[in-house]
Amino acid sequence: MTTASSPDDAVRIGVDVGGTFTDVALAVEGRLVTAKVPTTDDQSEGVLDGIRKACRRADVEPGAVDEFAHATTVSVNALLERDGARTALVTTAGFRDVLEIGRQDRPALYDLGAEKPAPLVPRRRRFEVDERTTPDGVQRAVDPDAVRELAGEIRATEPESVVVSLLHAYAEPENERIVAGTLRESLDVPVSASHEVLAEFREYERTATAAVDAYVRPVIDRYVGRLIDRAADAGLPSPWIMQANGGIADAETVRTRPVTTVLSGPAAGVVGAGATAAGSTAAPEARFEGLVTFDMGGTSSDVSLVREGRAERTTESEIDGVPVRTPMVDVTTVGAGGGSIAWVDAGGALRVGPRSAGADPGPACYGAGGTDATVTDANVALGYIGPEAALGGELEVDVAAAREALGELAAEAGLEGADAAARGIYRVANATMARAIRSVTVERGHDPRRFALVAFGGAGPMHAAALAASMDVDRVIVPRPAGVLSAFGLLAADETHDAARTVRARLGAGAEPGLEETYAGLEERALASASDPDAATVRRAADCRYDGQSFELSVPVPEPFDGGTVRDRFREAHESAYGYAMDEPVEAVTLRATATIERTPPPIRHAAAGDALLDRRTVQFPGPIGDGDRGDGRSVADDPDDGDGDSEGEPGTVSRETPVFARDALPVGRRLEGPAVLEQAESTAVVPPGWGGVVRDDGSLLLERRPAGGDSGAAGGGSR
Amino acid sequence: MSEIDPVTLEILRNQLESVAEEMGQTLIRSAYSPNIKERRDCSTALFDADGRMIAQAEHIPVHLGAMPEAVEVVRERDPAPGDVFVLNDPFAGGTHLPDVTMVSPLSRNGGSGESDPEGGESGAIVGYAVSRAHHADVGGTTPGSMPAGAREIYQEGLRIPPIRLVDGGRLREDVLELVLANVRNPDERRADLRAQLAANERAGERLSALFAEHGSGRVLSAFDAVVDYSRKRVEREIAELPDGTYEATDVLEGDGVTDEDVEIAAAVTVDGPSLSVDFAGTAPQVPGNLNAPRSVAKSAVYFVVRCVTDPEIPPNHGCYEPVSIRVPEGTLLNPRQPAAVVGGNVETSQRVTDVVFAALSRAAPDRVPAQSQGTMNNLIVGGRDGSFTYYETIGGGFGARADGDGMDGVQVGMTNTLNTPVEALEAAYPIRVDRYALRENSGGMGRHRGGLGLERAITVATDATVSLLTERRRHAPRGVEGGSPGSTGRNVIDGEEVPSKVTRDVPAGTTITVSTPGGGGHGDPERRDTDAVAADRLDGKHDWKTDRDD
């Protein structure tokens, strides 16, 4: 087996499957070639279609590909559509309903019609075994004969997969091991044991996470098997599979621990964003505290944070109401994307989303029968998406259909015509997303103004600058493969394996032989999955808390373990996250080891080709607030209450004759002043008035807001 | 007066709500105690200069009606920007003592009132930031400040009338010291109080940024616009209900001192777009601690209104403008001081909710489910040696709905807090959980089945004192439209059934089993889908035997 630590001259291919399209990025000899093909029912077919298309474009034989990395939605789809394996659960007597009760909260406070999501394993296939472990160890041993008898009952329910989760198995897995081992001998289906999936306390979350693993296991196993066969037929190497933790793993590892593949596509996008921001000599990261990544797709947008070059991770994820507590890149989804439908609600406010026009019929401008005005239709009317642009691959833009849908919305909302509706949609979508981004950053203790925004996805770079301005963020980075960034991220993702275990130990001042031993075991487990253990580095961390608290902060841990250092680091982390630290005793709750084999992002050198200036057209740039008056006939500018004079400069809507550039034809170092529109195959970037930009080495764009209100000549400047 | 265009309305609504949201995040992030940080037993809100709530980040429904009263009492005390008032007095803007509220008058330049370049008018109050959090202890006779046997408020903890904790921008250390001298774990309290101050400060910063960005004229008219927006939407939905007066009564099963039923009566009048609730006929205040200050009844009514209207309508003053409430003084729901009140928040509030729902179900039978378990099943276990206190509330059956079964084993009504994981509990306390399961056959039968109750059995490993504060042990959650009632709950200590409210000293090895009520059924059981009956039997959730006599 090859390792993931590839030399710079390796030919690498990344394939990310989305709901509608399968994206491909191919790096060869400093060039980056991308492709987009329709996603197929059996995703492996589309994956191979995409690879062949990209290889043709790059003039590379599939057999010459050195590394093939892949992100699939097979497991998350099985989970969302409740279409996974017929699964049985075995648990401690008295507790078979834990999976269904959950934390006994209901999903919505005020909605009397709310439903709890159905448990992955119905009560009829939840079995109890007589045994008991407590934090002090095994209190009642399990009887293997009883388990063999139980196996007969389980077999009668014809399960395709089994999960075993016994109380306190995170601390003492003896009974769980016996039950899982006996069932593996007696039954002809895979068995997931909770302490192997997630050796952490809180029985509901561990059981639910292990149940997800069992539920998607046969599905992923079959899929990866098919993909390996197809890849071999085409002369490709065996695929690396993306995990939600932000790293790749080899196919066999993922087949036995598939829970890690849930939500891996968005994680790849965040890795791609981080790699782009770091991957240029013109990188201005020193000026930021970190990056906010903003991926605006068809139905929703994904937001996450990158700090110190690393995607922020969480162990608190929930998917469709099911907790999945393995480490994941921390991605928050907000309900506005290009296909989001605009509507007027019962109180007369203009709203955007969460309903989406989807891919079929899609936005009105697809000309495929859609009549609802969407964000994409607004972007057509504003002039961001040109009449010649290729939408979602092959479609032509139907400007008239877009304007008609916007006109109808305008009439309903009492706005003056299609243009006003378009500006309104653009602003409201931005306001909704700004609120979500503020919430994500503030909740984690950061000030968004100290971050740069990395915008990607088909629609992200159209909204990014206006969105950034509304949050007082001055810098935006638009990666070159903005339309296929998750595929690009697959070329750069490290190989990563996590292991963790709950210990709950009060920290002393010095060495802790017991914890040192636990870490040794965790490292062994993390390295066991690594393709080349000798090439791997291992990081240790501990989730700590003040004694008596019920939430933890993760801090790095030195080797050998030193309680005093960990305690100090925890206090620092507490100070930085919450603004204060206390002199209370500290407890290490869960120990973590992460094995990483680093990969460097493929060296991409942007080479411009073709004519840069494509066109000039009239483009509208909406200001931050609606066009309407406050009803008293006064504009904000002459508001007598407003003595500060700031509102003088409040930009209303500006309509400008705007150059349209072919982004791929802009050379490295080229400076731009807004307004400008930059088109490329899968994405369009907008530089509004008041913003300028530069093309960086790798072809990514750095956009910067010019200081407002300065004299012309003194402020901004730059070449035009 | 507030003719803002639909785009500006939506943008400013988002921005104002984001101020309240950010306050909540600041509070949760910088608080120390799990009760605020993990259970999120706190709320934050932004009010305008007239004391109207503009935006709320809500976590806890019982705070809904109480926050405006807190602003009201502060407005009577000559507040100025730069002040921060603190209060918890249930008879002056509070609900029960553990809920501590901070109210900050704000100027357009933030909270400080200083450094106003223009002087004069812009130092005026433009709004109030309010944060409320449940503190783990505010003194009194028992740790946790929820003493079961209290007969007057003085036993329940430190009572704080609305006073300035910050006066003209200066923290009054003497006031803080007084508060901290009267509570257990003063360091934790200091951190939590500081978190509330930080939340209010954040509101001041964000609001002044909005004033700077949009100009005060536009922000102030946005205040009007968002209130009008919610009011219009709520009024439209109330107007859809048939006019008339709808009455209902229900009872609490004793006040902890006696076992007598205590009646709660409500008459709900729908008159066009407005709705009023009169609690005349409700029993006089009781000697025990189930009295509930007026704001609890208000919260319960607001909660019900939010449930029967579109839950997506942004919660602000506009939602409650069409709603009026009358509660006669000296009753269970508007007691005179020095009544003990700490149980009013947890159990009385649930019953008020039931009564108002029952009355409204006569106006809108399709919108209101059959009755849910109607109790929080409060279980408190304390070590006799004082070494630990374990407090838990237990979920139960949700009432069946017109279009589906009730949820099994969930928190209902005005609470939605999480359980304590067995693996956390057993590591922290000398307690073993023997069983935590759905309670079979406990949901009321009907075309749609009531949700199942839960069964939680624990065994103590040391001598302990067990307190149960529960309801619906005699009077079952009712079914509607021909549905049968859910099962009543049961409390059992070592095989012996005990009353709904009890405090017992028990020896090590004692098992306490709490079986919580099921939800009522909805519609004729004969009309139940046969597949649904088969599924219930296969899953062992309900056997659908009609001759059941338990």
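Residues numbered from 1 in each chain as written. Chains lettered and ligands numbered in written order. Predicted model: local features only at pLDDT ≥ 70, side-chain atom pairs only at ≥ 80, totals over all residues. Heavy atoms only, no water.

**Side note on the overall build of chain A**
Secondary structure assignment for chain A yields 16 helices and 35 strands. Relative to its length of 720 residues, chain A is compact, with a C-alpha radius of gyration of 27 Å against a globular reference of 27 Å. In terms of overall dimensions, chain A has a C-alpha envelope of 80 × 65 × 50 Å along the principal axes. Out of the 720 residues in chain A, the part that is buried amounts to 59%. The long-range share in chain A, meaning contacts at least 24 apart out of those at least 6 apart in sequence, stands at 70%. (Helix = DSSP H or I, 4+ residues; strand = E, 2+ residues; numbered from the N terminus. Rg over C-alpha atoms; globule rule 2.2 N^0.38 Å. Buried < 20%, exposed > 50% of the residue type's maximum accessible area, 1.4 Å probe, protein only. Contact = heavy atoms within 4.5 Å.)

**Brief notes about the overall build of chain B**
Along the backbone of chain B there are 11 helices and 20 strands. Taking 24 Å as the expected radius of gyration for a compact globule of 550 residues, we find that chain B reaches 24 Å, a close match to that expectation. Each principal axis of the C-alpha atoms in chain B carries an extent, and together these give about 80 × 55 × 40 Å. Split into buried and exposed, the 550 residues of chain B put 65% on the buried side. Just so you have it, chain B exposes about 18000 Å², and 46% of that area is on carbon and sulfur atoms. (Areas by Shrake-Rupley, 256 points an atom, 1.4 Å probe, with all protein chains shown as cover.)

**A few points about the interface of chain A and chain B**
Often, the extent of an interface is quoted as the loss of accessible area on bringing the components together. Facing the 88 residues of chain A at the interface are 94 residues of chain B. Approximately 7800 Å² of surface area, both sides summed, lies buried where chain A meets chain B, with 51% of it carried by carbon and sulfur atoms. Interface area lost by chain A to chain B is led by Q104, Y110 and L112 of chain A, which between them contribute 12%. Linking chain A with chain B are 13 salt bridges. Where chain A touches chain B, the interface holds 39 residue pairs in polar contact (both at pLDDT 80 or more). When residues of the side of chain A that touches chain B are traced back to their parent elements, those giving at least two are α3 (98–101), β7 (132–134), α7 (203–233), β22 (350–356), α12 (417–443) and α16 (563–578) of chain A. Broken down by element, the residue count for the side of chain A that touches chain B peaks at 10 residues, all from α12 of chain A. For the side of chain A that touches chain B, the per-class residue count stands at 33 nonpolar, 20 polar and 35 charged. (Buried area = accessible area lost by both parts, 1.4 Å probe. Salt bridge = Lys/Arg side-chain N within 4 Å of Asp/Glu carboxyl O. Polar contact = N/O pair within 3.5 Å; in protein donor to acceptor, adjacent residues only side chain to side chain. Nonpolar A, V, L, I, M, F, W, Y, C, P; charged D, E, K, R; others polar.)

**What to know about the environment of L613 of chain A**
Residues and elements named next belong to chain A. In this structure, L613 sits in strand β29 (residues 613–621). Distance in space between the C-alpha atoms of L613 and E318 is 46 Å, their sequence separation being 295 residues. Dropping the residues within four chain positions of it, L613 is found in contact with P659, V660 and F661.

**Remarks on the sheet that holds strand β16 (residues 464–469) of chain B**
Residues and elements named next belong to chain B. Within the open sheet, the 4 strands sit side by side as β13-β12-β16-β19. Their pairing is antiparallel. Edge strands, defined here as strands with exactly one partner in the open sheet, are β13 (389–392) and β19 (501–506). Averaged over all pairs of adjacent strands, the angle between their axes in this sheet comes to 10°, without regard to strand direction. (Pairing = 2+ DSSP bridges. Axes fitted to C-alpha atoms, helices over the stretch in contact; angles between N-to-C directions.)

**A few points about the pattern of salt bridges**
Residue and element names in this part refer to chain B. A full pass over the atoms with the stated rule returns 101 salt bridges over all chains. One salt bridge in this structure joins E312 and R233, with 3.5 Å as the shortest N-O distance. With E312 in the loop between α7 (294–308) and α8 (317–320) and R233 in helix α6 (residues 216–239), the pair connects residues that are 79 residues apart, well separated along the chain.

**Quick look at the packing of aromatic side chains**
Per the counting criterion, the structure on display carries 11 aromatic pairs over all chains. Taking the centre distance of 5.9 Å and the plane angle of 35° together, the rings of Y546 of chain A and Y32 of chain B count as tilted. Of the two residues, Y546 of chain A is situated in strand β26 (residues 537–546) and Y32 of chain B in the loop between α1 (6–30) and α2 (34–37); the pairing between them involves two chains. Each of the two residues, Y546 of chain A as well as Y32 of chain B, counts as buried. Every member of this aromatic cluster is reached through a ring pair, and the members are Y110 of chain A together with F303 and F357 of chain B. (Phe/Tyr/Trp six-rings, centres within 6.5 Å; stacked < 30°, edge-to-face > 60°.)

**Points about the side chain of T374 of chain A**
Residue and element names in this part refer to chain A. Inspection of the secondary structure puts T374 in the loop between β22 and α10 (375–382). Here the side chain of T374 touches D377 through a polar contact of 2.9 Å, side chain to side chain. Excluding residues that lie within four positions of it along the chain, T374 makes contacts with G338, G339, S340, I341, A357, P363 and I425.

**Let's talk about the packing of α1 of chain B against α6 of chain B**
Residue and element names in this part refer to chain B. Where α1 contacts α6, the axes come no closer than 9 Å and their chain directions differ by 95°. Taken as axis vectors, α1 and α6 run roughly perpendicular relative to one another. In this structure, α1 contributes T8, L9, L12, R13 and L16 to the contact, and α6 contributes R218, A222, F223, A225, V226 and Y229. Residue composition of the contact of α1 with α6, by class: 8 nonpolar, 1 polar and 2 charged. (Parallel < 35°, antiparallel > 145°, perpendicular 65-115°, else oblique.)

**Focus on unusual backbone geometry**
Looking along the chain, the bond that leaves G353 of chain A and enters P354 of chain A is cis, with omega of 0°. With respect to the element layout, P354 of chain A can be found in strand β22. Going from E559 of chain A to P560 of chain A, the amide bond is cis rather than trans, its omega being 0°. Along the chain, P560 of chain A turns up in the loop between β27 (553–556) and α16. A positive phi is found at E158 of chain A, a non-glycine position, where the angle reads about 50°. In this structure, E158 of chain A sits in the loop between α4 (144–156) and β9 (161–165). Here D494 of chain B, not a glycine, exhibits a phi torsion of approximately 45°, which is positive.

**With respect to the packing of α12 of chain A against α1 of chain B**
For the pair α12 of chain A and α1 of chain B, interaxial distance at closest approach is 10 Å and the crossing angle is 5°. The angle between α12 of chain A and α1 of chain B falls in the class roughly parallel. Note on element contacts: α1 of chain B touches α12 of chain A through V7, E10, I11, R13, N14, E17, S18, E21, E22, Q25 and R29 of chain B, opposite G424, R427, V428, A431, T432, R435, R438, S439, V442 and E443 of chain A.

**Thoughts on helix α9 (residues 344–363) of chain B**
Note that an α-helix has 3.6 residues per turn; residues three or four places apart therefore point the same way. Here α9 of chain B spans 27 Å end to end across 20 residues, near enough to the 28 Å set by a 1.5 Å rise per residue. Of all the 20 residues making up α9 of chain B, 19 are buried; the element is thus mostly covered by neighbouring parts of the structure. (Expected span 1.5 Å × (residues − 1).)

**Remarks on the environment of W343 of chain A**
All names here are of chain A. Note on placement: W343 falls in strand β21 (residues 340–344). With a relative accessible area of 31%, W343 lands in the partly exposed category. Sequence-wise, W343 and Q139 are 204 residues apart; in three dimensions their C-alpha atoms are separated by 60 Å. Apart from residues no more than four positions distant in its own chain, W343 is found in contact with A349, L350, R351, V352, G353 and L409. Polar contacts involving the side chain of W343 include one to the main-chain carbonyl oxygen of G353, which spans 3.0 Å.

**Section: the confidence of the model for chain B**
As a general rule, the predicted coordinates of low-pLDDT regions are not to be interpreted in detail. Residue and element names in this part refer to chain B. Averaged over all residues, the pLDDT of chain B is 92; the fraction at 70 or higher stands at 96%. When the criterion is pLDDT under 50, residues 112–121 qualifies, and its contacts beyond four places in sequence or with other chains add up to 10 contacts. Listed scores for the predicted complex are pTM 0.92 and ipTM 0.93. (pLDDT = per-residue confidence, 0-100.)

**Quick word on the pairing of β22 of chain A**
Residues and elements named next belong to chain A. In this sheet, β22 lies alongside β21 in antiparallel orientation, the contact comprising 4 bridges. When the bridges of β22 are listed, A342 appears paired with V352. Counting the residues between successive antiparallel strands, the hairpin from β21 to β22 contains 5 residues, one of them, G348, with a positive phi of roughly 90°.

**Some details on the pairing of strand β15 (residues 454–460) of chain B**
Residues and elements named next belong to chain B. Buried residues dominate β15, accounting for 7 of its 7 residues. The two faces of β15 match: L454, R456, I458 and V460 on one face and E455, A457 and T459 on the other face are all buried. Where strand β14 (residues 431–438) meets β15, 7 bridges bridge the pair, whose relative direction is antiparallel. Within the sheet, the bridge partner assigned to Y436 lies in β15 and is R456. Relative to strand β20 (residues 511–515), β15 is paired through 5 bridges, and the arrangement is antiparallel.

**Some thoughts on the nonpolar core**
With 146 residues, the main nonpolar core has M242, F294, I425, L453, V476 and L678 of chain A together with L16 of chain B as its most contacted residues. For this core, the leading source of residues is α12 of chain A, giving 14 residues. With residues up to four places along the chain from it excluded, the contact list for L678 of chain A reads F661, R663, L666, L672, S683, T684, A685, V687 and L701 of chain A. Within the second largest apolar cluster, 73 residues are counted, among which are A283, L290, C319 and L332 of chain B. (Core = buried A, V, L, I, M, F, W, Y, C linked by side-chain atoms within 4.5 Å.)

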